[in-house]
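# Topology and contacts: notes
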Amino acid sequence: MKKSAVVVVVVFALLMIGIFAFGGSTTLTKPITVYMVPKFTGAPYFVACEQGAMRAVKELDELGLPVKFHFMGPSTANTEKEIKMITDIIALHPDALLYSSNDFQALIPVLKRAKAAGIKVVGFDADVADPNARNLFVNQATFSGIGETLIDLVARNVGSDAGIAILSADPNAANQNAWIAAMKHAIAKHYPKMHIVTIQYGKDLPGPSFQAAQTIINAFYPKVKAIVAITSVAFPMAAQAVWQAGLKGKIYVVGLSTPNDMKKYVKNGVVKDVVLWNPINLGYLALYAANDLVRGMMISNVNGTKYIGGGKLGFFKVGKNNTILLGKPFIFTAQNINQFNF
Amino acid sequence: MRDVKKIELILLGIMVFVFVFMSFLSKQFLNVSTLLQIMQLSAELGIMAIPMTLIVITGGIDLSMASTLALSGVIMGYLWLFGLNIWLAAILAVVFAGTAGLFNAVMITKFDIPPLLATLGTWALYRGMATGIDQGRGVSGFPQGFLKLGEGTLMGIPYSLLIWATISIVIYFIVIKTRFGRYLFAIGNNETGALYSGVPVKKIKIIIYVLAGLLAGLAAVIYTSRVGAAKSNADANGVLGIVAAAVLGGADVKGGSGTIFGTTIAVLIIAFIDSGLTLANIQQTVQEVILGIILVGSIIFYEYVGKSKIRYSLTLQRDSSEEGDTKSSLPTESEVNNTRRS
Amino acid sequence: MIVIVGLALVAQFVNPFFLSFRNITSLLENTAVIVLVVIGESLVIINGFGNADLSVSSIYTVSAVTSAQLAAAGIPMFLVIPWSIGIGIALGALNGFITVRFNIPSLVTTLGTMITWEGFILWWTGGMWIANLPNYWQIGSYKIAGLSLATWIGFIISILMIFFVKNMAFFRKFYACGSNANAARFVGINIKKPIFYALTLSGMFSGFSGFLSASRFFSVTSNIGSNLTLPVVASAVVGGTSILGGRGKMEGNILGAFLLVEISSATVFLNIGAVWNEAFEGLIILIAIISDVLSEKRRHALRA
């Protein structure tokens, strides 16, 4: 039923675009300025988001809808720096601001200020606690979706009564905490015999992540049969630690990371599954959403539900609290991982 | 010892230069409200850099201030969460921060632990305690009246700037005009000499480290109010900034020289460069390189230009031997090293 | 020292795997890759009050990243290793040059260079990781008698350093300058030279350690050396290097480095809720520092 609604909407939207194009509204061809502020610039994940956004920029350019795009962020995950950066960006009066927030609460005041200044505020990857602080949030996957996918994989591979260890980033990382909560929920609901032996924090740095993983293995194997590493930095390090300990195949390592980082480990069999979503699509969609909001296009209302256009990805339903969902978590395995390059 | 007047003038000149330069790079820089925003973001740093300057003048250092900020912020948040009135919680937080400073002071004066070491330990301990208490949850949702402190303005000038300016001016006069101020320099130039001359070294040290704690607590209140949330990772990289500000402001790490005015200008200079570069769309990584070069450059500069005619020969420092020195009447010249440092 | 053994016993009690072969080798390995940096750092600190090398983390990173890039481009190992040492020497010498030529406390110089190189490496790599490393890159993890090559190299060099520092006049000058710079000058020691050499050596060790550590992994990130400086300084100091200069034993450095590694490991074993790990580490460091200073005072009192 949803599919036919989408078709209707697409046709409708194409008509709208056609009308606008012929209407010759010159405001559409004036370039808009969009700033994209990731949590930090030093990670392939965010570089992938940037790539996606730039792809969207290119497409919009070809449609005659130019976008002046700037990708700027703190060099390391730092809330204070991000706040400062956004404060400065407000002074530049862009049309839209895309953000991935380092902190669930701390960015709310500055985002509200951006909104008050007339800037369209669109979040991606990591949101803030107050939906009123932004116009829209592009969610890559629901927290529960990620949590359940991970736990299901664990159960499938080491049994539903295994002891597992979780390797996270930082006790303050909002996304990670939400995933941990989702995992706990999934365990309670589906696999009550499974238990979390320990949760450790690798600070999203390779050295500490590796050491934490190594110590988890040293301290808790064989009580711990699986390590769930929920950051793109910790996951390869956990795999490395398992491999170096010679426990390939004995400890199931799963987590969230970009395929390029994990290819080696998938190839040598330490890792079977890599969970993620497509950050390129995430950036792409976020940029289209920003464009739509600023130019007031490709937004339609069907039976009281708002839909917003995401370029080649189609139309997305705007859900509760003004969020749109990119899709389901994606699992990379040995079969498909080589098709991806990010 | 450095020629303070000269340094202050130089810094003033640099600030003007930076100001002009930044306005060339970006027209938005000259906007009054933008400038006020930029300065407001530095208020916490500015407030903490003041006691740091005092401490550096005496030849010490306090690495724990940023952590004290985080810890007292968290304590304030949770006290409020448990039902205490927010202003009462804030006052208690500041008192607690003072106690934290007292702990440092006791270690330094009673146990004779070098300030670098003592505050190295408390830097980690306080931050860790903040993380442990908060467990990544954070406290937010403070009453509007409280948030006004960080956000509101009096006749257009933000409250935090007014507070910072007041503290600056008060401490400035204390340093210049009172005996206390002279004692600080005496301790920094020759602690044993000062001790034997009747300077209450221990008492003074306790005062400045407690002051550092108190002001860190105050900065915590302002920070939490501005950001709207109490988190354990507040101001994560603050230490570096505080030390850099004092150093850039002309305070000699070896002790014996420093100026409040200089430090305050230095904070502004750093803030202007930081934001100015962002407004000019220069990537953050480049900004860091520039900051590092400026820091090194300024020290080199001070060594050549900032020196005063009066020289003290301190046995433990590597002095560049300069001829034609005149001596003054302050105690000095211990050729034979019979200080504590054996 | 007491703290090391005491902590080990407590950890062992809570979780018997602490003293397992696997964990001990992990502890040794993690110690080995930073102990050289600690040694280099202590050589700088020995030179006197106000001296420290804060740029160790950045030099470590620059070396690790650039070496990885060379290897990824196909350059063979026997060229990459000298490069990592060479870049360390070069950056360390730069620190030394600025410190000596302009008479700036090394604490400040290295603060500036640390910020500069950190920013530089981020800009240079654009935040990307170096991932397509050839297999021969991973020599650090090659195992001999159960211990990785990185562990062996780290420990052998540090033991050699113990002997060098004790017996070479070259190093004795460091201590002389740290104890009493004027006296040193009177004896004819050019006090500018030791600090220059110390900073160069520190850079060399940082560079080599960066490579050594990174050679255990499949990929090298641009923030691999982040947050290295404070633990390194803490290790040196806990190991007996006096921040006032003039004192510090290399054996102490090894113990100090080991203690810090042990602390982070123990916090996991004790499973106290990882949110408290940092607080716990800070507390142990404080205790170690306080007990160290107190025992030093006792020693002095006895002597006097």
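Remember, it's a predicted structure, so these values are computed and weren't measured experimentally.

Cut-offs and rules
Residues numbered from 1 in each chain as written. Chains lettered and ligands numbered in written order. Predicted model: local features only at pLDDT ≥ 70, side-chain atom pairs only at ≥ 80, totals over all residues. Helix = DSSP H or I, 4+ residues; strand = E, 2+ residues; numbered from the N terminus. Rg over C-alpha atoms; globule rule 2.2 N^0.38 Å. Buried ≥ 20, exposed ≤ 12 C-beta atoms within 10 Å, placed from the backbone. Contact = placed C-beta atoms within 7 Å. pLDDT = per-residue confidence, 0-100. Core = buried A, V, L, I, M, F, W, Y, C linked by C-beta atoms within 7 Å. Domains from an automatic or database assignment. Nonpolar A, V, L, I, M, F, W, Y, C, P; charged D, E, K, R; others polar. Pairing = 2+ DSSP bridges. Axes fitted to C-alpha atoms, helices over the stretch in contact; angles between N-to-C directions. Expected span 1.5 Å × (residues − 1). Parallel < 35°, antiparallel > 145°, perpendicular 65-115°, else oblique.

## Structural notes on the overall build of chain A
Within chain A, the regular secondary structure consists of ten helices and 15 strands. Computed over the C-alpha atoms, the radius of gyration of chain A is 21 Å, within 12% of the 20 Å expected from 2.2 N^0.38 for a compact globule of 342 residues. Expressed as a percentage of its 342 residues, the buried residues of chain A come to 60%. Contacts spanning at least 24 positions in sequence make up 72% of the contacts within chain A whose residues lie at least 6 apart.

## Some thoughts on the overall build of chain C
Within chain C, the secondary structure is distributed over twelve helices and two strands. Counted from the first residue to the last, chain C has its helices and strands arranged as α-α-α-α-α-β-β-α-α-α-α-α-α-α. The long-range share in chain C, meaning contacts at least 24 apart out of those at least 6 apart in sequence, stands at 77%.

## Comments concerning the confidence of the model for chain C
Summarising the model, chain C shows a mean pLDDT of 78, and 86% of its residues fall at 70 or more. Listed scores for the predicted complex are pTM 0.79 and ipTM 0.78.

## Structural notes on unusual backbone geometry
Residues and elements named next belong to chain A. Here the amide bond leading from Tyr221 into Pro222 is cis, since omega sits at 5 degrees, within 30 degrees of zero. With respect to the helices and strands, Pro222 occurs in the loop between α7 (206-220) and β8 (224-229). The residue Asn322 is not glycine, and still its phi comes out positive at about 55 degrees. Its place among the elements puts Asn322 in the loop between β13 (315-317) and β14 (323-325).

## Details of the nonpolar core
Residue and element names in this part refer to chain A. Counting 331 residues, the largest nonpolar core has Leu98, Ile227 and Ala238 as the members making the most contacts within it. Mapping this core onto the domain boundaries places at least three of its residues in each of domain 1 (2-141 + 278-327) and domain 2 (143-276). Apart from residues lying up to four places away in sequence, Ala238 is in contact with Leu167, Ala213, Ile227, Ala229, Val253 and Gly255.

## What about the interface of chain B and chain A?
Often, the extent of an interface is quoted as the loss of accessible area on bringing the components together. Each side of the interface is counted separately: chain B has 30 residues, and chain A has 26 residues. With four residues, helix α13 (residues 260-279) of chain B is the largest single contributor of residues to the side of chain B that touches chain A. A class-by-class count of the residues in the side of chain B that touches chain A yields five nonpolar, 19 polar and six charged.

## Considerations on the sheet that holds strand β2 (residues 67-71) of chain A
By definition, the strands of a sheet pair up through backbone hydrogen bonds, in either a parallel or an antiparallel sense. Residues and elements named next belong to chain A. If you trace the six strands from one edge of the open sheet to the other, you get β2-β1-β3-β4-β5-β14, paired in parallel fashion. Among the strands making up the open sheet, the edge pair consists of β2 and β14. Averaged over all pairs of adjacent strands, the angle between strand axes in this sheet comes to 20 degrees, irrespective of strand direction. Bridge count between strand β4 (residues 120-124) and strand β5 (residues 136-139): three bridges; the pairing is parallel. Within β5, the residue paired with Gly123 across the bridge is Phe137.

## Examining the pairing of β5 of chain A
All names here are of chain A. Side-chain alternation along β5 places Leu136 and Val138 on one buried face and Phe137 and Asn139 on a second face that is also buried. Alignment of β5 against β14, held across three bridges, turns out to be parallel. Counted as the bridge partner of Phe137 is Thr323 from β14.

## Side note on helix α11 (residues 201-227) of chain B
Residue and element names in this part refer to chain B. Here α11 is 27 residues long and its end C-alpha atoms lie 38 Å apart, about the 39 Å a rise of 1.5 Å per residue gives. Counted residue by residue, α11 has 20 buried out of 27 residues, so it is predominantly covered. Within two residues after α11, Gly228 carries a phi angle of roughly 80 degrees, on the positive side.

## Focus on the sheet that holds β8 of chain A
Residue and element names in this part refer to chain A. Spatially, β7-β6-β8-β9-β10-β15 is the arrangement adopted by the six strands of the open sheet, whose pairing is mixed. The open sheet has two edge strands, β7 (195-201) and β15 (330-333), and neither has a second partner. Taken pair by pair, the neighbouring strands of this sheet meet at an average axis angle of 20 degrees, ignoring direction. Two elements, β8 and strand β9 (residues 252-256), share four bridges in a ladder whose sense is parallel.

## With respect to the interface of chain C and chain B
Taken together, the contact between chain C and chain B spans 46 residues of the former and 43 residues of the latter. Contributing elements (two or more residues each) for the side of chain C that touches chain B: α5 (106-125), α8 (181-187), α10 (229-238) and α12 (277-303) of chain C. A breakdown of the residues in the side of chain C that touches chain B according to their chemical character gives 31 nonpolar, eleven polar and four charged.

## Quick notes on helix α2 (residues 32-41) of chain B
The complete set of buried residues in α2 of chain B reads Leu35, Ile38, Met39, Gln40 and Leu41 of chain B. Residues of α2 of chain B that are buried sit in contact with α3 (79-91) of chain A together with α3 (43-57), β3 (157-158), α8 (159-177) and α13 of chain B.

## As for the pairing of β2 of chain A
Residues and elements named next belong to chain A. Because side chains alternate across β2, one face comprises the buried residues Val67, Phe69 and Phe71, and the other comprises Lys68 and His70, none of which is buried. Bridge count for strand β1 (residues 32-37) against β2 is five bridges, and the pairing is parallel. By the bridge assignment, Met36 is partnered in β2 with Phe71.

## With respect to the environment of Glu41 of chain C
All names here are of chain C. Counting through the fold element by element, Glu41 comes out in helix α2 (residues 21-46). Residue classification places Glu41 among the buried residues on the basis of 31 C-beta atoms within 10 Å. Taking the C-alpha atoms as reference, Glu41 lies 8.8 Å from Ser206; in sequence the two are 165 residues apart.

## A closer look at the packing of helix α6 (residues 149-167) of chain C against helix α11 (residues 250-269) of chain C
Residue and element names in this part refer to chain C. The interhelical angle for the contact between α6 and α11, taken along N-to-C directions, is 150 degrees, at an axis separation of 8 Å. When the axes of α6 and α11 are compared, the pair comes out roughly antiparallel. In this structure, α6 uses Ser158, Met161, Ile162 and Val165 to contact α11, whose residues at the interface are Met250, Glu251 and Ile254. Partitioned by chemical class, the residues of the contact of α6 with α11 number five nonpolar, one polar and one charged.

## A short note on the domain arrangement of chain A
All names here are of chain A. Parsing chain A into structural domains produces domain 1 (2-141 + 278-327) and domain 2 (143-276). Taken over C-alpha atoms, the centre of domain 1 sits 31 Å from the centre of domain 2. Listed per partner, the contact involves nine residues of domain 1 and nine residues of domain 2. Looking at side-chain class alone, the side of domain 1 that touches domain 2 contains eight nonpolar, no polar and one charged residues.

## A short note on the packing of helix α4 (residues 65-81) of chain B against helix α12 (residues 238-248) of chain B
Residue and element names in this part refer to chain B. Two numbers describe how α4 lies on α12: the axes approach to 7 Å, and their chain directions differ by 135 degrees. Classified by the interaxial angle, the pair formed by α4 and α12 is oblique. From α4, Met65, Ala66 and Leu69 reach across to α12, where they touch Gly238, Val239 and Ile242. Here the contact of α4 with α12 is composed, by residue class, of five nonpolar, one polar and no charged.

## Let's talk about the confidence of the model for chain A
Residue and element names in this part refer to chain A. When the pLDDT values of chain A are averaged, the result is 85; 92% of them are 70 or greater. When the elements of chain A are averaged for pLDDT, helix α1 (residues 2-23) gives the smallest value, 57, and strand β3 (residues 96-99) the largest, 94. Counting interchain partners and residues more than four positions distant, the pLDDT-below-50 stretch residues 22-27 has one contact.

## What about the environment of Ala150 of chain C?
Looking at the element boundaries, Ala150 of chain C is found in helix α6. Given 25 C-beta atoms within a 10 Å radius, Ala150 of chain C is considered buried.

## Here's the deal with the environment of Met65 of chain B
Among the structural elements, Met65 of chain B can be located in helix α4. Separated by 57 residues in sequence, Met65 of chain B and Thr122 of chain B have C-alpha atoms that sit 9.0 Å apart.

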